[in-house]
Amino acid sequence: MANVLHIVVCAGIVPDPLQTLEPVTGPTGPGLKNEMVLPAVLDPWAACALYEAAALAAKNPGSKLWLVSLGPKAKLQQVMMTVAQKVPFELVPIDGPIGGFPDAHATAAVLADTINAIPGLERAELLLFGGWESATRGAGVTLQLVGERLGITDQFQGVDEISLRDDGSFEVLERVEGGKHQVSVCTGAPAVLGWATGNLAEPRNNPQIGMNNMRTIMPALAKATVAKLEPNGLSYVSVSLPKQQRETRVVKDMTPDQIAAELVEWIGAE
Amino acid sequence: METILVLTHADENGSVLSKASLEAVTAGKEVAARLSAPLAIGIVAKDAAAAARSVASDGARVLAVSGEAFGQARYASDVVAAEALCRAAKATIVLAPGSSRFTRVMAGVAHRLGGFIDTHITALGGKETVEATRWFYRQRVEAVISRNVRPWFLLLDAGTHAAYAGESQPVQIEQVAVNLPALRTTVSGFRAPQQGQQTIRPDAKMLFVAGAGWTKKQPDGQVHVTEAGELILGFLRATGASLGSSKSLVDQGGEGESVLPFLTHLNQIGQTGSTPRHQKGLSTCCHGEEPHVVGWRFIGERRAISLDPNCGWTRGKADVVYVADAFPVIAKVNALLEAKKA
């Protein structure tokens, strides 16, 4: 028997991982140089959460999937041109600052208020998804704070798998130390799941899904509310790139035997 | 005046504090001494008396939440335990290990107390206040932060402080009572990601990174995945190293290509993987990419075996790059290590 789920995925946008990042300090605090022109992608771990959510919704007819994303409206639109082709969802955009330096608590407050205001969202059927960390701030706290604000006290982080049962309960695998998973069983929604990579490959682009999604995404972007994030007493003493540059010895003229001998000596050295 | 609380928890066996918790105790002692602030240690465990023995000689006030429900790592029970300890200690600064158990729950605790949290702290400094160092953008930008609001929670990355090592002895514990809510989640145990050999070893001295080159066509025009797997596992057996992997190699499994059967996403390092801390790292058959460098940020001595002498990530990032085919080199390394053991 299928369960009807209301899945909300929180996902930010981040600079493409292949971009070179340079911090700069402006009047509102630290940021990245040319941040608004850097190519952006959906946050990688949150993207995993989105694909898992879509797969779960597809297996449970009648389920709904919302993607809540905070970022500059123009950047959100750019990223959605690609993301919209992956899986069906309804976008709930929030026009706000980009980047990893704003305070997570302020971000969580805005996300929680936005989720609370989603029309038709049933709290008893809510699974709140997201990445267990972002690729910007990487704090791994935003989703928990949203969950707390929504009164959800069954929370899981570093999730790689969820197995839904007929009675609405589900088994969750969470990453713990030593390359293991902790196995838990929850009686059912509502719950918060911060995803690691999961087990699904990135879906191929599907223009049909893209066209369907864009019919609602563009009006949603046009109506996106503007959010201001409070610093909550957070201040930056310094922001810098790591300075360490190693003197690399490039060895081109050694035989495998010679290299192996050198490596064994290095491995054994204290 | 600040009041410092170090929150700790027992390890999987439940009888001693986890190593990461003892590292947080060290950090707490340092901060308390620097700020001349009182220090308390809070313990969440099934049997806190046993776990507390390892911090008895510290001289700090010890508070604990004990009971069957706290033998398991679960949000609903851990959040009320940690909240109760913080309230009892009247802490303004709370230090805790960035373990999976506390990472899951501590933001919720901060919220319940009207406080704020920062995580992945790698260093604590400052003279009259606390300044915390952490990384942004997956270890690509380093920042020092401070907050003027309290309570302030700081989760410390593992391996950034020495583990506290005091004499084990009985200690006076203040038991803190908590009202558990109805628990909807049951922890049923642990599961290793693959059958057979465990390849992820956080405490290993060395990280061995396997790149996608291991599963590509070799000079004879064939792929040698089985041989690659045997060489890699042989190296791990001989050295006790932990195994990391590039994303591209792990992803090959989902793309129908030949894969190393013992690799999972848990082995992945870099942008969407872990950033492990090891004394030494040896990278093999990996090519390019800034995300790969991200995974190596906290590796001490770095060497690489690569066929590409101009590989972008190795220049300036590795100490030594051997321009060579990893297959014969690792085969010879394994043979030498076996001979050395014999």
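Predicted, not measured: the structure shown is a model, and the values here were computed from it.

## Focus: the overall build of chain A
- If you tally the helices and strands in chain A, you get six helices and 15 strands.
- Referenced to the eigenvectors of the C-alpha coordinate spread, the extents of chain A come out at roughly 65 × 50 × 40 Å.
- Counting all 270 residues of chain A, 49% fall into the buried class.
- Of the contacts formed within chain A by residues at least 6 apart in sequence, a portion of 78% connects residues at least 24 apart.

## A short note on the interface of chain A and chain B
- Taken together, the contact between chain A and chain B spans 70 residues of the former and 77 residues of the latter.
- At the level of elements, helix H1 (44-59), helix H4 (142-149), strand E9 (155-164), strand E10 (170-176), strand E11 (180-186), strand E14 (234-240), strand E15 (249-251) and helix H6 (256-268) of chain A are the ones that each hand at least two residues to the side of chain A that touches chain B.
- A breakdown of the residues in the side of chain A that touches chain B according to their chemical character gives 35 nonpolar, 24 polar and eleven charged.
- In terms of strand pairing, E11 of chain A meets strand E11 (residues 185-191) of chain B through six bridges, oriented antiparallel. Bridge pairing in E11 of chain B places His181 of chain A opposite Arg191 of chain B.

## Comments concerning the environment of Val333 of chain B
- Following the sequence through the fold, Val333 of chain B ends up in helix H8 (residues 326-341).
- What makes Val333 of chain B buried here is the crowd of 26 C-beta atoms within 10 Å.
- For the pair Val333 of chain B and Phe235 of chain B, spaced 98 residues apart in the sequence, the C-alpha separation amounts to 7.7 Å.
- Residues in contact with Val333 of chain B, not counting those within four places in the same chain, are Ala260, Leu263 and Val264 of chain A together with Phe235 of chain B.

## What about the confidence of the model for chain B?
- Mean pLDDT over chain B works out to 90, with 95% of the residues at or above the 70 mark.
- For this predicted complex, the interface score ipTM comes out at 0.94, alongside a pTM of 0.91.

## Brief notes about the packing of H6 of chain A against H8 of chain B
- At a minimum axis separation of 8 Å, H6 of chain A and H8 of chain B run at an interaxial angle of 50°. The angle between H6 of chain A and H8 of chain B falls in the class oblique. Relative to H8 of chain B, H6 of chain A is oriented so that their crossing is right-handed. In this structure, H6 of chain A uses Pro256, Asp257, Ile259, Ala260, Ala261, Leu263 and Val264 of chain A to contact H8 of chain B, whose residues at the interface are Pro328, Val329, Lys332, Val333, Leu336, Leu337 and Lys340 of chain B.
- Looking at the contact of H6 of chain A with H8 of chain B, its residues break down into eleven nonpolar, no polar and three charged.

## Quick notes on helix H2 (residues 73-83) of chain A
Residues and elements named next belong to chain A.
- Within H2, the full set of buried residues consists of Lys75, Leu76, Val79, Met80 and Val83. Buried positions in H2, seen along its axis, are confined to an arc of 135° and lie on one side of it. Exposed side of H2, more than 90 degrees from the buried face: Ala74 and Met81 are the residues found there.
- Structurally, H2 contributes buried residues whose contacts are with strand E2 (13-15), strand E5 (40-42), strand E6 (64-71), strand E7 (90-95) and helix H5 (207-222).

## Brief notes about the environment of Ala112 of chain A
- When you line up the elements, Ala112 of chain A lands in helix H3 (residues 104-116).
- Along the sequence, Ala112 of chain A and Leu221 of chain A sit 109 residues apart, while their C-alpha atoms lie 19 Å from each other.

## Let's talk about the packing of helix H5 (residues 225-239) of chain B against H8 of chain B
Residue and element names in this part refer to chain B.
- Look at H5 against H8: their axes get within 9 Å of each other, and the N-to-C directions meet at 35°. For the pair H5 and H8, the sense of crossing is left-handed. Here Leu231, Gly234, Phe235, Ala238 and Thr239 of H5 lie close against H8, whose contacting residues are Phe327, Ile330, Ala331, Val333, Asn334, Leu337 and Glu338.
- Class assignment for the residues of the contact of H5 with H8 results in eight nonpolar, three polar and one charged.

Scoring rules and cut-offs
Residues numbered from 1 in each chain as written. Chains lettered and ligands numbered in written order. Predicted model: local features only at pLDDT ≥ 70, side-chain atom pairs only at ≥ 80, totals over all residues. Helix = DSSP H or I, 4+ residues; strand = E, 2+ residues; numbered from the N terminus. Buried ≥ 20, exposed ≤ 12 C-beta atoms within 10 Å, placed from the backbone. Contact = placed C-beta atoms within 7 Å. Nonpolar A, V, L, I, M, F, W, Y, C, P; charged D, E, K, R; others polar. Pairing = 2+ DSSP bridges. pLDDT = per-residue confidence, 0-100. Axes fitted to C-alpha atoms, helices over the stretch in contact; angles between N-to-C directions. Parallel < 35°, antiparallel > 145°, perpendicular 65-115°, else oblique. Left-handed = near helix turned anticlockwise from the far one by under 90°. Arc of directions from axis to C-beta.

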